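Letter by letter, the chains look like this.
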Amino acid sequence: MEQRNHYQETLNASYKANWRIEDIIGGDKRLNFERPFMPEALARVGGLDFLSPREKIVLNQIRGHGYLAMFGLVENTILPFVVDQARGHVHGEDYQMRALLNFAGEEAKHIHLFNRFEAEFKAGFGSECRMIGPAEAIASEILAHHPLSVGLLILAVEWMTQSHYLDSVRDDQALDPLFKELLRRHWTEEAQHARLDTLMVEEIAAGCTAEEIEAAVDGMLEIGGFIDNGLRQQVEFDIEAFGEATGRKLNAEETELFATTQLQAQRWTFIGSGITHRAFLGTLGKLTMTGRAKVEQAAVAFR
C-alpha cells in the first residue's frame, strides 16, 4: 500500500509540473547568443585566461549545446529502459503502470525538446558542434548491462539534474533567459523522475541477491568508464567546434590546458555530480554499504 501511494503521489505531482514544448521555444522565443548558456560551475571556462571574454562565451555556448545533446543521448537510453519496466507491470498496480508510462512519455518529450533546441542552436550559432554517438549505439552498450546497473546510473543522472539547476542555474542572472527557462522546465519533471527511479531501483534490487547487487554496482561503474571515454572524445569535438566558431588556432600549450580543464569539467558535470549526490548515495547505501564506499572512492577522479 505504501509503494502504491508513492506512485500515486508522484504521478499527481508530474501532472502539475507538465508543460508544452511550444511554450518554451520557437516563434519569438529565441536564444540570445550574446550571453552564456551554462553556469561557470559546470562550464569552467573562466580559468582559461588565454581566451578573450567573447571566446569564453562562445565556448560556454558550445558546452551548453553539448549539455543538452548529452542529456538527449542519455534519455534515448532511459526511454527504452522505462518502457521495459512498464511492460513488466502491464497487469500490475494501476498507479505504478500509469506513473511509469507517464515517465516514459515525459522522457520522449524531453528528447523532442532537445531536438528543437538543436535546430534553434544551429540556426543562431553559425557553425557545427559535433557530438559523440550515435544515440542507438550508446543506448545499446548501456542497456546490455544488468537492469540494476542501468537503474542506478539513471538514478544518478536524475539527481544530477536536480543539483545542476538548484545549485548552479537557478540563481545565475547572467545566463540567457531562454536557455535557463529550458533547464528549469526540464528540472521540474526530472524531480519526479528521480522519485520514480528510486522506486524502480528498490524494486529491482529486492529481486537480487547480495552478490548480484555488488555486481550491479560494478556494472554501473563500468558504464561510467564507458561514458568517461565518450567525454574524452567530446572534448576533442569541442576543441574543433571552438576553432571553427572563432577562427582561433590554439597552440600546443593552450590546447593541452583547454583539453585538461574541459575534460574535468565534463567529468564533474556528467558523472561526478551524480554519483556524489547525497540522495543517490543514500539509496545506494541502503542496498550495499560496500558498493557505496566503492562509488565514493571512484568519484574522487570525477570532481
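Computed from a predicted model, the values in this text were never measured in an experiment.

Asker: Please explain the pattern of salt bridges as it appears in this structure.
Answerer: Oppositely charged side chains are able to pair whenever their charged atoms sit close together. Going through the model one piece at a time under the given rule, you end up with 14 salt bridges. For Arg248, the salt bridge is made with Glu55, and the minimal N-O distance between the two is 2.8 Å. Here Arg248, found in the loop between α8 (210-246) and α9 (252-275), pairs with Glu55, found in helix α3 (residues 53-87); they are 193 residues apart in sequence, far enough to count as distant. Note that Glu181 is salt-bridged to Arg185, the shortest N-O span being 2.6 Å. In this pair, Glu181 and Arg185 both sit in helix α7 (residues 177-206), 4 residues apart, roughly one turn of the helix. Salt bridges linked by common partners bring Glu55, Arg248 and Glu254 together as one network.

Asker: Sorry if this is basic, but what is going on with unusual backbone geometry here?
Answerer: Note on backbone geometry: most residues besides glycine have negative phi, and most peptide bonds are trans. Look at the link from Gly133 to Pro134: it is a cis peptide, with omega at 0°. Of note in the backbone geometry, Arg44 takes a positive phi value of approximately 50° without being a glycine. Examined against the element boundaries, Arg44 turns out to sit in the loop between α2 (40-43) and α3.

Asker: What is the right way to read the packing of α3 against helix α4 (residues 94-125) from this model?
Answerer: Think of two packed helices as two axes; the pair is described by the angle between the axes and how far apart they sit. Where α3 meets α4, the axes come as close as 9 Å, and the angle between the chain directions of the two elements is 155°. Classified by the interaxial angle, the pair formed by α3 and α4 is roughly antiparallel. Of the two possible hands of crossing, α3 and α4 adopt the one that is left-handed. Classifying every residue of the contact of α3 with α4 by side-chain character gives 20 nonpolar, 7 polar and 3 charged.

Calculation notes
- Residues numbered from 1 in each chain as written.
- Predicted model: local features only at pLDDT ≥ 70, side-chain atom pairs only at ≥ 80, totals over all residues.
- Heavy atoms only, no water.
- Salt bridge = Lys/Arg side-chain N within 4 Å of Asp/Glu carboxyl O.
- Helix = DSSP H or I, 4+ residues; strand = E, 2+ residues; numbered from the N terminus.
- Axes fitted to C-alpha atoms, helices over the stretch in contact; angles between N-to-C directions.
- Parallel < 35°, antiparallel > 145°, perpendicular 65-115°, else oblique.
- Left-handed = near helix turned anticlockwise from the far one by under 90°.
- Nonpolar A, V, L, I, M, F, W, Y, C, P; charged D, E, K, R; others polar.

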